[in-house]
Amino acid sequence: MQDAGNRNEDAASQDERRGRLDRVLGGRPLSVFVILLAGIGVLAVLLAIVYLTGRGSGGGEPTLTCLPVALSEAQTDISQSMVERMNVVTEQNKPEKGPLAVTLHLNDGNCRELPKGVPAQPDLYAIIGFVTVFNESRAGEQRIRLDWEQQPNIPPALLATATPTPTVTPPPTATPPPTVTPLPPTATPVPPTPTPVPPTPTATPRPPTPTPMTKPAGAVSPTATAASISAPVADNRPTAAPRAPVPTKPAP
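Scoring rules and cut-offs
Residues numbered from 1 in each chain as written. Predicted model: local features only at pLDDT ≥ 70, side-chain atom pairs only at ≥ 80, totals over all residues. Heavy atoms only, no water. pLDDT = per-residue confidence, 0-100. Helix = DSSP H or I, 4+ residues; strand = E, 2+ residues; numbered from the N terminus. Contact = heavy atoms within 4.5 Å. Patch = residues over 30% accessible without salt bridge, like charges linked within 9 Å, V, L, I, M, F, W, Y side chains within 5 Å. Areas by Shrake-Rupley, 256 points an atom, 1.4 Å probe, with all protein chains shown as cover. Salt bridge = Lys/Arg side-chain N within 4 Å of Asp/Glu carboxyl O. Core = buried A, V, L, I, M, F, W, Y, C linked by side-chain atoms within 4.5 Å. Buried < 20%, exposed > 50% of the residue type's maximum accessible area, 1.4 Å probe, protein only. Disulfide = S-S within 2.5 Å.

Asks: Quick question: what am I supposed to make of the confidence of the model for the protein chain here?
Replies: It should be kept in mind that the predicted coordinates are not to be read in detail where pLDDT is low. When pLDDT is averaged across the protein chain, the result is 73; 48% of the residues are at 70 or more. Element-level pLDDT for the protein chain is lowest in helix α1 (residues 2-25), with a mean of 61, against a maximum mean of 95 in strand β3 (residues 101-106). Within the model, pLDDT remains below 50 along residues 218-231, and this stretch shows 10 contacts once partners closer than five positions in the same chain are excluded.

Structure below.
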């Protein structure tokens, strides 16, 4: 009898609690409030993410840009213990194709990037090996953390293999024929101007020699003295005509 009374009391208390709960929920099922609380929690999480993202990007701090670095400079930074972490990027699900990008994170918060892509893989392999040797030889010192990361949607430019540029041999240049310099026209020889020759004087003819007259016998032959006739001198001056000899009369 006592057990039955206890069960009746428990059932009465349960009915009383249900009545109170129904009054609190307003007659709605409890699952409705559970779903409502879950939705509020999701909204709170999204608001927190948006708030933190906006605070990180809008806080006035410039976005960190990794400057390019050559292989020799990167090795120098590693040797001087200036590198804290190195990030290696490979293609997703194809890590056997090798590294495509390597980023060095320095101790001062800056970062450096080596050349990217398949053509730059010799330098990328070299820097990875350099870091590995650095870590193995400095077990008790600062070690560089090496992070491998696989990324999808790698730009095709990074996956392209450099195509060797064909060497085009230019055709031989035709040597132009030598320029013939025209000779100056030969001057027509001008005949020399003849020097006027003075006229040759015409020789004056000699007068005929007079025939001596025949003297009679016994007469004294007169001596005819003939004047000497001198031949004219050939010069430019006119020559006077010689006079005829005058016969000498015989003496009486």
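Asks: Please explain a nonpolar patch on the surface as it appears in this structure.
Replies: Side chains of Val42, Leu43, Val45, Leu46 and Ile49 sit close together on the surface and give an oily, nonpolar patch of about 470 Å² of accessible area. Here Val45 shows up in helix α2 (residues 30-57).

Asks: Any chance you could explain the nonpolar core here in plain terms?
Replies: General note: in soluble globular proteins, nonpolar side chains tend to be found buried as a group. Formed by 16 residues in total, the largest nonpolar core has its most connected members in Ile78, Met86, Val102, Leu104, Leu114, Ile127 and Ile144. Of all elements in the fold, only α3 (71-79), β2 (83-91), β3 and α4 (121-137) reach the threshold of two or more residues within this core. The element contributing the most residues to this core is α4, with five residues. Aside from chain neighbours lying at most four places away, what touches Ile127 is Leu71, Ala74, Gln75, Ile78, Met86, Val102 and Leu114.

Asks: Teacher, can you tell me more about the pattern of salt bridges here?
Replies: Between side chains of opposite charge, a pair can form when the charged atoms approach closely. Counting across every chain of the model gives three salt bridges. We note a salt bridge from Arg85 to Asp147, for which the minimum N-O separation is 3.7 Å. Here the residue Arg85 occupies a position in strand β2, and Asp147 occupies one in strand β5 (residues 145-151), the gap between them amounting to 62 residues. Here Arg85 falls in the partly exposed class, since its relative accessible area comes to 23%. Close ionic contact of Lys116 with Glu113 constitutes a salt bridge, the shortest N to O distance being 3.4 Å. Look at Lys116 and you get partly exposed, because its relative accessible area is 43%.

Asks: Looking at this model, I keep getting lost on the state of the cysteines. Mind explaining?
Replies: Covalently bonding the sulfur atom of one cysteine to the sulfur atom of another cysteine gives a disulfide. The final tally for this structure, using the stated rule, is one disulfide. For Cys66, the disulfide goes to Cys111, at an S-S distance of 1.8 Å. With the S-S dihedral at roughly -100°, the linkage between Cys66 and Cys111 falls on the left-handed side. On the criterion of sequence distance, the pair formed by Cys66 in the loop between α2 and β1 (67-68) and Cys111 in strand β4 (residues 111-113) is long-range, its members being 45 residues apart. The exposure class of Cys66 is partly exposed, given its relative accessible area of 21%.

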